[in-house]
Amino acid sequence: MAESGTAQPSVAIGPHAAIIDGHAQFFRAYYAIRGGLSSQITGEPTNLVFGFLSMLFSYIRSQKPTELVVVIDAAGDKETFRSEIYPEYKAHRDPAPEDFHPQVERCLEALRLMGIPVLGIEGVEADDVIATLVDRLRKSHPEMRIRMVSRDKDLGQLVDARTTLFDAQKNGDIGLEQLFDSKGVRPEQVIDLLALMGDSADNVPGVPGGGPKTAASLLAEYGSIDGIYRHLDAIKGKKGEALAQSRELVALSRRLVELKRDCDFPFDERDARFEPGRCDLPKLLEMLRVLGFHRLRGEAQEIFGGGAVAEPTEPKEKPARSAAGRARPKADAAGSQFASDAPA
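Okay, so let's go over this structure. Bear in mind that the values here come from a model prediction, so they are computed numbers and not experimental data.

## Topic: the overall build of the protein
Part 1: Along its length, the protein carries 14 helices and nine strands.
Part 2: Taking all 344 residues of the protein together, the buried fraction comes to 53%.
Part 3: In the protein, of all internal contacts separated by at least 6 residues, the share reaching a separation of at least 24 is 73%.
Part 4: As displayed, the protein has an accessible area near 15,600 Å², and 51% of this comes from carbon and sulfur atoms.

## Details of the environment of Ile225
Part 1: Following the sequence through the fold, Ile225 ends up in helix H9 (residues 225-230).
Part 2: A C-alpha to C-alpha distance of 8.5 Å links Ile225 and Val250, two positions 25 residues apart in sequence.
Part 3: Contacts of Ile225, omitting those with residues within four sequence positions, involve Asp192, Ala195, Leu196, Leu219, Val250 and Arg254.

## Observations concerning the nonpolar core
Part 1: By size, the foremost hydrophobic cluster in this structure holds 58 residues, and its most contacted members are Phe180, Leu196 and Leu243.
Part 2: Apart from residues lying up to four places away in sequence, Leu243 is in contact with Leu196, Val207, Leu218, Ile228, Tyr229, Leu232 and Ile235.
Part 3: Leu48, Phe100, Leu284 and Phe304 belong to the second largest nonpolar core, which has 46 residues in total.

## Regarding the pattern of salt bridges
Where charged atoms from two side chains of opposite charge approach closely, those side chains can pair.
Part 1: The tally for this structure, following the rule as stated, stands at 23 salt bridges.
Part 2: With a closest N to O distance of 3.5 Å, Arg261 and Asp135 form a salt bridge. In this pair, Arg261 sits in the loop between helix H11 (247-257) and helix H12 (281-291) while Asp135 sits in helix H5 (residues 126-140), placing the two residues 126 residues apart along the sequence.
Part 3: Of the charged contacts, one joins Arg289 and Glu286 as a salt bridge, the two residues approaching to 2.9 Å between their closest N and O atoms.

## Quick word on helix H8 (residues 212-222)
Part 1: Every buried residue belonging to H8 is among Ala215, Ala216, Leu218, Leu219 and Tyr222, and all of these are buried. The buried residues of H8 occupy an angular sector of 160 degrees when projected down its axis, which confines them to one face. Exposed residues pointing more than 90 degrees away from the buried face of H8 are listed as Lys213, Ala220 and Glu221.
Part 2: Next to the buried residues of H8 lie helix H7 (190-197), H9 and helix H10 (237-245).
Part 3: Directly after H8, the chain includes Gly223, whose backbone phi takes a positive value near 90 degrees.

## Some points on the packing of aromatic side chains
Part 1: Counted according to the given criterion, the structure contains eight aromatic pairs.
Part 2: Plain terms: the ring middles of Phe57 and Phe304 are 6.3 Å apart, the flat faces sit at 70 degrees to each other, and that makes the pair edge-to-face. With Phe57 in helix H2 (residues 47-63) and Phe304 in helix H13 (residues 294-305), this residue pair connects regions lying 247 residues apart in the sequence. Phe304 shares its class with Phe57; the two are buried.
Part 3: Each member of the aromatic cluster is reached from another via a ring pair, and the members are Phe27, Tyr30, Tyr31 and Phe100.
Part 4: Over the face of the ring belonging to Phe265 we find Arg136, whose NZ or CZ atom lies 4.2 Å from the ring centre.

Conventions adopted
- Residues numbered from 1 in each chain as written.
- Predicted model: local features only at pLDDT ≥ 70, side-chain atom pairs only at ≥ 80, totals over all residues.
- Heavy atoms only, no water.
- Helix = DSSP H or I, 4+ residues; strand = E, 2+ residues; numbered from the N terminus.
- Buried < 20%, exposed > 50% of the residue type's maximum accessible area, 1.4 Å probe, protein only.
- Contact = heavy atoms within 4.5 Å.
- Areas by Shrake-Rupley, 256 points an atom, 1.4 Å probe, with all protein chains shown as cover.
- Core = buried A, V, L, I, M, F, W, Y, C linked by side-chain atoms within 4.5 Å.
- Salt bridge = Lys/Arg side-chain N within 4 Å of Asp/Glu carboxyl O.
- Arc of directions from axis to C-beta.
- Phe/Tyr/Trp six-rings, centres within 6.5 Å; stacked < 30°, edge-to-face > 60°.
- Lys NZ or Arg CZ within 6 Å of the ring centre and 35° of its normal.

Rendered as structure tokens:
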């Protein structure tokens, strides 16, 4: 689902539950680092794994969550209830690159070794699992602070005074006004806002020619989609015509963007407690050694073992060079922090 928003610099907020949008972070890590980063020992690509683990370790060290869960998409883009409602939903997306999924499996292996639970449910999207988990935590722990580590606009419908979105790459929280680049957006209006806007990335129709600012201004004046259509006669010009012609599409779009909050899956909330002692540290350190992540070995020892790890006595492995002969990865603007810390 679509991302947006400019993060506000953040400091640690104290005890909180962090729910990481796994595949969103996998894709960001994959495209952040360029240049053929790979393990000298196995030859496998490692740019996604390095980026994701760098983000994860940085978050744990700086934000100190008391609960930590990673949620992933277990179903493909065409295998959820939304595709049954609207077959065109996400139907135009290209498959992930060939070296993407093997690196995701490496990340999941690392998370298992760390004792961090991973949730993924067939038939629904990660956002639905996140919504269900947020609702469960709110009911069982009303005072708990919750951070969703994601920039996904659809998750904006879960934001409230104690539940926020967090941009891990920019190390900041994202408010609704930043998320939608529009003033006056209220949490209870987010679903209607998303339905009016549509989403070209997900093939959600919305109102043709509309955007977040137009949708936000309509909701500011009329309160809701129902209110807009009750006063349709008062909305003149092309805007009114587009709304009139899109009434059924807007209703469909609302069904597509509204998150499912009652997914059925067993999960003991005690498993979400972040406990460094659950980590199989020797196996995790060995994985990081094989992948060539020597700085991350030190961070893992600090997080899960209480001290710095000694550097290996054998020569450090260097990442395999790309076809262009570069050993140093490049990064786009969103991934500059990954590139600056990548093994050389």
